[in-house]
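The lines below spell out each chain.
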Amino acid sequence: MGIGTSIFLIAVGAILTFALDASIGGVNLDVIGWILMAAGVLGLIMTTLVWGRRREVVTTSEPVEYRRVEERRDVAPPL
């Protein structure tokens with residue numbers, strides 16, 4: 001789950017929990033909103049942890065060796 005999806009779930013969950021005051025056939029929208037917000041927060045934390053591991057910097061202790069490449073052109077003798 002990406003950051004955008006996580007933020008979307010948090011926003012939809014907050015709307016269902018705090019903005020709507022309706023009930024649909026025995027379904028509690030407040031509970032669904034809290035579940036969506038929890039899933040969004042969990043996804044955001046997991047995405048941050050996974051991305052944090054990917055961005056590790058790998059360094060080498062060996063110096064970089066530069067090589068000079070010379071181009072040699074063999075010229076044919078004149079006729």
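Residues numbered from 1 in each chain as written. Predicted model: local features only at pLDDT ≥ 70, side-chain atom pairs only at ≥ 80, totals over all residues. Heavy atoms only, no water.

A. Layout of the overall build of the chain. A count of helices and strands for the chain gives two helices and zero strands. Taken across its 79 residues, the chain has 14% of its residues classed as buried. The long-range fraction of contacts in the chain, counting pairs at least 24 apart against all pairs at least 6 apart in sequence, stands at 56%. Total accessible area computed for the chain in this model is approximately 7400 Å², and 62% of it derives from carbon and sulfur atoms. (Helix = DSSP H or I, 4+ residues; strand = E, 2+ residues; numbered from the N terminus. Buried < 20%, exposed > 50% of the residue type's maximum accessible area, 1.4 Å probe, protein only. Contact = heavy atoms within 4.5 Å. Areas by Shrake-Rupley, 256 points an atom, 1.4 Å probe, with all protein chains shown as cover.)

B. Fine view of the packing of aromatic side chains. Under the criterion given, the structure shown has one aromatic pair. Relative to Trp34, the ring of Phe18 lies with its centre 5.7 Å away and its plane at 80°, an arrangement referred to as edge-to-face. Of the two residues, Phe18 is situated in helix H1 (residues 3-19) and Trp34 in helix H2 (residues 29-54); the sequence distance between them amounts to 16 residues. Across the pair, Trp34 and Phe18 agree in class, each one exposed. (Phe/Tyr/Trp six-rings, centres within 6.5 Å; stacked < 30°, edge-to-face > 60°.)

C. Expanded view of a nonpolar patch on the surface. The grouping of Val41, Leu42, Ile45, Met46 and Leu49 at the surface amounts to a nonpolar patch, some 470 Å² of accessible area in total. Its place among the elements puts Leu49 in helix H2. (Patch = residues over 30% accessible without salt bridge, like charges linked within 9 Å, V, L, I, M, F, W, Y side chains within 5 Å. Salt bridge = Lys/Arg side-chain N within 4 Å of Asp/Glu carboxyl O.)

D. Region of the structure containing the UniProt feature "transmembrane region" (unreviewed entry) in the chain. The UniProt feature table records "transmembrane region" (unreviewed entry) at residues 31-51. Taken end to end, residues 31-51 is 100% helix and 0% strand, and its first and last C-alpha atoms sit 30 Å apart. (UniProt positions renumbered as here; feature names shortened; annotations may be inferred.)

E. Molecular detail of the side chain of Ser6. Mapping Ser6 onto the fold places it in helix H1. A distance of 3.2 Å separates a polar atom in the side chain of Ser6 from the backbone nitrogen of Leu44. (Polar contact = N/O pair within 3.5 Å; in protein donor to acceptor, adjacent residues only side chain to side chain.)

F. Region of interest: H1. With 17 residues, H1 extends 23 Å between its outermost C-alpha atoms, agreeing within 8% with the 24 Å of an ideal straight helix rising 1.5 Å per residue. For H1, every residue scored as buried is listed here: Ser6, Leu9, Gly13, Leu16 and Thr17. The arc that holds every buried residue of H1, seen down its axis, measures 100°, which confines them to one face. Pointing more than 90 degrees away from the buried face of H1 are the exposed residues Gly4, Phe8, Phe18 and Ala19. (Expected span 1.5 Å × (residues − 1). Arc of directions from axis to C-beta.)

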